[in-house]
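# Notes for the structure review
So the chains spell out like this:
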Amino acid sequence: MSLRPRKPSQPAMHKQEEEYPVLKIHKRRWRLALTAIYCTRALASVSTKVLQNKASLLRSLSYVAIDVQPPSGNYNKKLSFHNIDQENLSHMVREKNLESLKQFGGVEHMALILETDVRSGIGGGDSDVTNRKSVFGGNSYPKPAAKGFFSFVFDAFKDTTILILLACAMLSLGFGIKQHGWEEGWFDGGSIIIAIFLVVVVSAVSNFKQSRQFEKLSNKSSDIRVEVVRDGRRHAASIFDIVVGDVVCLKIGDQIPADGLFLEGHSVKVDESSMTGESDHVEIGSSNPFLLSGTKVTDGFGSMLVTSVGMNTSWGEMMSSISRDLDEETPLQARLNKLTSYIGKVGLLVAALVLSVLMIRYFTGNTTNEKGEREYNGSKTKLDDVMNAVVDIVAAAVTIVVVAIPEGLPLAVTLTLAYSMKRMMKDNAMVRKLSACETMGSATVICTDKTGTLTLNEMKVTEFWLGKETMREDSSSEMAPTVLHLLQEAVGLNTSGSVYKPSTVSVPEISGSPTEKAILSWAVFSLGMDIDEVKQQCTTIQVEAFNSEKKRSGVLVRKNGEEATQSHWKGAAEMILAMCSSYYDRDGNIRELDVEERATIEKIIQNMAAKSLRCVAFAHKKLENKEVHKKLEETGLTLLGLVGLKDPCRPGVRAAVDSCTAAGVTIKMITGDNVHTARAIAVECGILNPDEDVDSEAVVEGIEFRNYSPEERSEKVEKIRVMARSSPFDKLLMIQCLKQKGHVVAVTGDGTNDAPALKEADIGLSMGIQGTEVAKESSDIVILDDNFTSVVTVLRWGRCVYNNIQKFIQFQLTVNVAALVINFVASVSSGKVPLTAVQLLWVNLIMDTLGALALATDQPTNELMEKPPVGRTEPLITKVMWRNIIAHALYQVAILLVLQFKGRSIFGVTETVKNTIIFNTFVFCQLFNEFNARKLEKKNIFEGLHKNKLFMAIITITIVLQLVMVEFLKKFANTERLNWGQWGACIGIAALSWPIGWLVKCIPVSMD
């Protein structure tokens, strides 16, 4: 049988129905539903009459199939949203046009148009999400094109010394070809050009790779997690997965992920300064339901309907035109640039002297060629020969400048920062600001939160007190029904969490903050609370959202069908207790809270806190008068009960705290918990000694610290290790005080109110799981697992970065000093430089790029955590480093000068072979010295060598390339082949660097 709904002969065509065909579909659905209900009731009525009259029933089939056809074939068709004008939607929200919203039929009608249920969100199936993305676009924006490889090549060529050297090489190439022809004439100039290109390309490849690395980290930091409701289930999603029609849950500190309309919520305020420049917080409600992408929620909680995403929002348009500055100069890079400039000036002076001496010697006839003949004979010398000689002299001088300028220093910083950032990401720390990597190595104090950082943030209610009596876990049957009902209301109405139960038999899915989840779980499983039923029985009038200053939240409600209003409060136990004048016992009797009773309950709270429990209290007040109350009552409340939440310490926290203490870093715990809970956790973590109680100077409350005079604060701040019941302002005050005392302060924070403290600290560390977007944006590093052990890992990496830079500086300066001295002395004494332009460029490549790669990628070692922190003003080149640099440079200079003046007679070789031996010995000296540079103070330079495979690979590659340079690229490198004895002599002389390094480290250095 086929039943079809009756089609009206003349359907009324409303203006809105014409405009929005979606309404027609909904009306057709209702007609279908009414038809089905009508048929069912008719059948039920007939069967009742038959049974009442005891009439005989005809035998029939056990079922009847009714095929109800939809009014048209469009019902099952996937909606295309083509009737929705995206531009109008975007313009309406951007301009905050209420009139335009009314034309759409209001917020709820807009949800119907977008096929969204305001409670359960969109369906969330793959086809639905894909369809919405194809119609409205995705929530992303095109970024400006990243810098290409050839841009880095071009940047490398912009170096002045490289350009001068290239010009000299071109001149040398031209004169050589003119004088000796193509076959022989291109070697001198061509080899320099090839060497320059090699240096430039290696540098460009290195910088290009680091740029890509920073780009990846930038993309990771912009991937924000938000909470959406799909198919009735609340879950976290990437900001890039948000689609038009999504219902997004908002709370304090969240970044609004797209343009949209406010659906429901309480006390929601938004900071729109990122879009409008106005610092005043905008209140969101029915009179102003417009929410802009990129703005921040500063107060309250609620939900929104997404109407525009990606490039259809102002934020998307703005962000597509700007990109994160990846060329940020860190303080260490700034110091190194000064050092580079100073060394470069010294090199320039030496180069100028060498140029002058060589020119004078050449034009006065004091230089000879390979045959022993004078090179310059006045007018008898050909112009081409003169120009060739001059070009060679200029190239040699310019090459000295190239070697002298340690451009590898900034490269080493970039390499070590990029490498450490990549490794830190694996260790659950995402760097947002490069300078934090190196600054963290100097940290002297770490101010840390308790919850989630020192503890697991896995809360569970372990104790419940009703009045002065403790209750068992399944004690709901033992308390009066009135008290049970009030407790259910206290939890269900005054929460920012949610309970989702797909069916009656499934386990409820509870979401919210760890504290909210723990309390909701307790209420659902121990008190038998049905949160939907509780909420349906009441109308919410006013909500005061939880914040870290007041440490409480409240809700004002009216029960359906009642005139009276009720206030429910939840928060820190001693603060709620102070608002109460009476309490409920288990039988539902209200008892007065006199001095003795109050002292008893305070003692209960203290005992719970001493067991490391977080104490939360519930209080209630009913107002019978018919006056409309818009404000929550804060006095004369009745205490409903106390719960104790256990949050165990994280495994490994005590070892991490001990590691920091051994490294000379003080740990201070700043928490909102009461003083007894704070002390118990601090003792468990090793921050406090068991003999230090709450009355000692090491433990203080926020209000007490706040009320100190500046002098008292400055005097006592060093001794304080635990600050309980603190507000974000107290945390900021402590950081300012510590910085005034000369400390380098790192601070952890997760709340919106922590933003000023995170910005004020030298290193701001926000929490990746519990941290709000406001906190993350104010921080320098995001701790992805919220674990204090990861904070200590960041400290280790910070010290490692600084240590790796110092290693490279020691290595680089040794090469610079040796190369400058040998070339200067040789040019002044003999008129010839033993190391040619190509050879010096090869040395430059070894020590700048390859040396930076080898030394800048060492991993943190335990010995780094055995030293005191590096102070703000401590010099970059320490006395220990100067000792090592001077010793190795003197040895290299002495050996090379002996070879320069006595090498021919010692080995019985020609001038070219002697110069090859000098070049080979010099390169191997640098290779052996790289091992010495691995350890600035320790004598065992091979410790941990097997862990740095890159170091060994670079050493091997350099040896192979050096072998090729000497044995096979004779014309390119101006070298001659060496026999086994000469190779052995070069390596043996260079290997003496190791015992010399060991002996030098025996020389004591004062640390004053």
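Structure first, text after, so check above.
Presented here is an overview of the structure given in this document. Note that the coordinates shown come from a computational prediction; the quantities given were computed from them, not determined experimentally. (Residues numbered from 1 in each chain as written. Predicted model: local features only at pLDDT ≥ 70, side-chain atom pairs only at ≥ 80, totals over all residues. Heavy atoms only, no water.)

## Description of the overall build of the chain
In terms of regular secondary structure, the chain is built from 35 helices and 28 strands. When each of the 1008 residues of the chain is scored for burial, the buried share is 52%. Residue pairs in contact within the chain that sit at least 24 positions apart in sequence constitute 72% of those at least 6 positions apart. Total accessible area on the chain stands at roughly 46600 Å², and carbon and sulfur atoms take up 56% of it. (Helix = DSSP H or I, 4+ residues; strand = E, 2+ residues; numbered from the N terminus. Buried < 20%, exposed > 50% of the residue type's maximum accessible area, 1.4 Å probe, protein only. Contact = heavy atoms within 4.5 Å. Areas by Shrake-Rupley, 256 points an atom, 1.4 Å probe, with all protein chains shown as cover.)

## Thoughts on the side chain of Ser511
Its location among the elements puts Ser511 in strand E15 (residues 509-511). A polar side-chain atom of Ser511 sits 2.7 Å from a polar atom in the side chain of Ser498. Excluding anything up to four places from it in sequence, Ser511 contacts Glu227, Arg234, Gly497, Ser498, Lys517 and Leu520. (Polar contact = N/O pair within 3.5 Å; in protein donor to acceptor, adjacent residues only side chain to side chain.)

## Let's talk about a nonpolar patch on the surface
On the surface, a nonpolar cluster with roughly 330 Å² of combined accessible area is contributed by Val960, Val964, Phe968 and Leu969. Within the secondary structure, Val960 is located in helix H32 (residues 949-967). Note on Val960: relative accessible area 46%, which makes it partly exposed. (Patch = residues over 30% accessible without salt bridge, like charges linked within 9 Å, V, L, I, M, F, W, Y side chains within 5 Å. Salt bridge = Lys/Arg side-chain N within 4 Å of Asp/Glu carboxyl O.)

## Some remarks on empty space enclosed by the protein
Tallying each qualifying case throughout the model produces 2 cavities of 30 Å³ or more. Considered as a void within the structure, the second largest cavity measures approximately 30 Å³ in volume. Every residue lining the second largest cavity is listed: Phe464, Arg472, Glu473, Ser475, Ser476, Met479, Trp522, Ser526 and Leu527. Residues that form the lining of the second largest cavity fall into these classes: 4 nonpolar, 3 polar and 2 charged. (1 Å grid on protein atoms, 1.4 Å probe; cavity = no way out; pocket = protein on both sides within 12 Å on 5 of 7 lines; lining within 4 Å. Points joined across faces, edges and corners; volume = space filled by probe spheres on them. Nonpolar A, V, L, I, M, F, W, Y, C, P; charged D, E, K, R; others polar.)

## Details of the pattern of salt bridges
One pass over the full model with this rule turns up 34 salt bridges. Between Asp254 and Lys251 there is a salt bridge, with its nearest N and O atoms 3.4 Å apart. For Asp254, a relative accessible area of 14% corresponds to the buried category. Note on Lys251: relative accessible area 44%, which makes it partly exposed. In this structure, the salt-bridge partner of Asp585 is Arg591, at a minimum N-O distance of 2.9 Å. Look at Asp585 and you get buried, because its relative accessible area is 7%. On the accessibility criterion, Arg591 (41% relative accessible area) is partly exposed. Among the ionic contacts, a cluster of salt bridges with common partners joins Glu469, Arg472, Glu478 and Arg586.

## Topic: helix H21 (residues 653-662)
Looking at H21, one finds that the buried residues are Val653, Ala656, Val657 and Cys660. Buried positions in H21, seen along its axis, are confined to an arc of 100 degrees and lie on one side of it. Relative to its buried face, H21 has exposed residues pointing more than 90 degrees away, namely Ala655 and Ala662. Gly664 sits one or two residues past H21 and shows a positive phi near 80 degrees. (Arc of directions from axis to C-beta.)

## Quick notes on the environment of Leu98
With respect to the helices and strands, Leu98 occurs in helix H4 (residues 98-103). Under the relative-accessibility criterion, Leu98 is labelled partly exposed at 31%. Taking C-alpha positions, Leu98 is 8.9 Å from Phe290, a pair spaced 192 residues apart along the chain. Apart from the residues lying within four places of it in its own chain, the contact partners of Leu98 are Ser286, Ser287, Pro289 and Phe290.

## Describing the sheet that holds strand E25 (residues 722-724)
Strand order in this open sheet of 8 strands is E10-E28-E27-E26-E11-E23-E25-E24, and the pairing throughout is mixed. What marks the edges here is a single partner per strand, and that holds for strand E10 (429-431) and strand E24 (699-701). This sheet shows a mean twist of 20 degrees between the axes of neighbouring strands, independent of strand direction. Taken together, the 4 bridges between strand E26 (residues 745-749) and strand E27 (residues 763-767) define a ladder with parallel strand orientation. What sits directly across from Thr748, in E27, is Leu765. Packing of helix H28 (residues 788-830) onto the sheet brings it into contact with E10, strand E11 (445-448), strand E23 (666-670), E26, E27 and strand E28 (781-783), and relative to E28 it is tilted by some 145 degrees. (Pairing = 2+ DSSP bridges. Axes fitted to C-alpha atoms, helices over the stretch in contact; angles between N-to-C directions.)

## Focus on the pairing of E11
The alternating pattern of E11 places Val445 and Cys447 and Ile446 and Thr448 on opposite faces, both of which are buried. Examined bridge by bridge, E11 and E26 share 3 bridges and lie parallel to one another. Counterpart to Val445 in the pairing with E26 is Val745. The pairing of E11 with E23 spans 4 bridges and is classified as parallel. Residue Cys447 lies in a different strand from E23, and its bridge partner there is Lys668.

## Brief notes about the state of the cysteines
What the rule picks out here adds up to 0 disulfides. With no disulfide of its own, Cys649 lies closest to Cys685 among cysteine sulfurs, the gap being 3.3 Å. Among the residues examined, Cys649 registers a relative accessible area of 16% and is labelled buried. (Disulfide = S-S within 2.5 Å.)

## A look at the packing of aromatic side chains
Tallied over the full model, the rule gives 13 aromatic pairs. Between Phe464 and Trp522, the aromatic rings sit 4.9 Å apart at their centres with planes inclined by 65 degrees, giving edge-to-face as the arrangement. Of this pair, Phe464 sits in strand E12 (residues 460-466) while Trp522 is found in helix H17 (residues 514-525), placing the two residues 58 residues apart along the sequence. The burial state of Phe464 is the same as that of Trp522; both residues are buried. Look at Phe931 and Phe942: their rings are 6.2 Å apart centre to centre, the planes differ by 55 degrees, and that puts the pair in the tilted class. One end of the pair, Phe931, is in helix H31 (residues 911-933); the other, Phe942, is in the loop between H31 and H32, and 11 residues separate them in sequence. Site record: aromatic cluster; members linked through ring pairs are Phe928, Phe931, Phe942, Phe951 and Trp994. (Phe/Tyr/Trp six-rings, centres within 6.5 Å; stacked < 30°, edge-to-face > 60°.)

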